[in-house]
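Structural features, examined
In case you want the letters, here they are:
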Amino acid sequence: MQADELRALQAPLKEQYKSDPSAALVHMSVTGELDPARIVCRLEPSPSREAGLHPAAGGPAELACSGDLLLESLVACAGVTLCAVATAMEIPIVSGRVIGSGDLDFRGTLGVDRETQVGMQNLSVQFEIETDAEDAKVHKLLQLTERYCVIYRTLAAANPIASTISVRDRS
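Conventions used here
Residues numbered from 1 in each chain as written. Predicted model: local features only at pLDDT ≥ 70, side-chain atom pairs only at ≥ 80, totals over all residues. Heavy atoms only, no water. Pairing = 2+ DSSP bridges. Helix = DSSP H or I, 4+ residues; strand = E, 2+ residues; numbered from the N terminus. Axes fitted to C-alpha atoms, helices over the stretch in contact; angles between N-to-C directions. Contact = heavy atoms within 4.5 Å.

What to know about the sheet that holds strand 1 (residues 25-35)
The strand order 2-1-3-4 describes an open sheet built from four strands, whose pairing is antiparallel. Where the open sheet ends on each side, the last strands, each with one partner, are strand 2 (40-43) and strand 4 (121-131). Along the sheet, successive strands turn relative to each other by an average axial angle of 25 degrees, direction set aside. Where strand 3 (residues 93-105) meets strand 4, nine bridges bridge the pair, whose relative direction is antiparallel. In the sheet register, R97 faces strand 4, and the bridge partner there is E128.

A word on the environment of R153
Locating R153 in the fold gives a position in helix 5 (residues 150-157). As a C-alpha pair, R153 and I91 span 62 residues in sequence and 23 Å in three-dimensional space. Non-local contacts of R153, meaning those with residues more than four positions away in its chain, are made with E146 and R147.

Structure below.
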């Protein structure tokens, strides 16, 4: 795709988001099914293992966008961590699922409004489990899952990220 093609693709979206800011707000979610016996979280299949622009930024619907991949990582890590912690705590989980969600305002990512934050907002993780464990143990399970989930902790800490770029030798 050439620059003029991308601009032409995104121009109507940018105009729409200027005139109707609510059209730029997209709620995204990903669900994972728990397999506690194997300490596995099975993600709903993505449209594709290729990543591209979200349709709200002019991309095709059949590709996963970075928001999908971020939520998949969060759900997978949270689900596996919950299963591992439940196993360690001897909390029997019959079945369960994890739902990760967040909101994106495409006015920020498309440069329509410089005051609009770029990035996913209102991240949440919801666990739905079937267990006969006492409420106090279930509450402790949630606390420890939040504590030991690598992706959850990384996102919650809002770590600065160092970026570099290099150009490969073209000869």
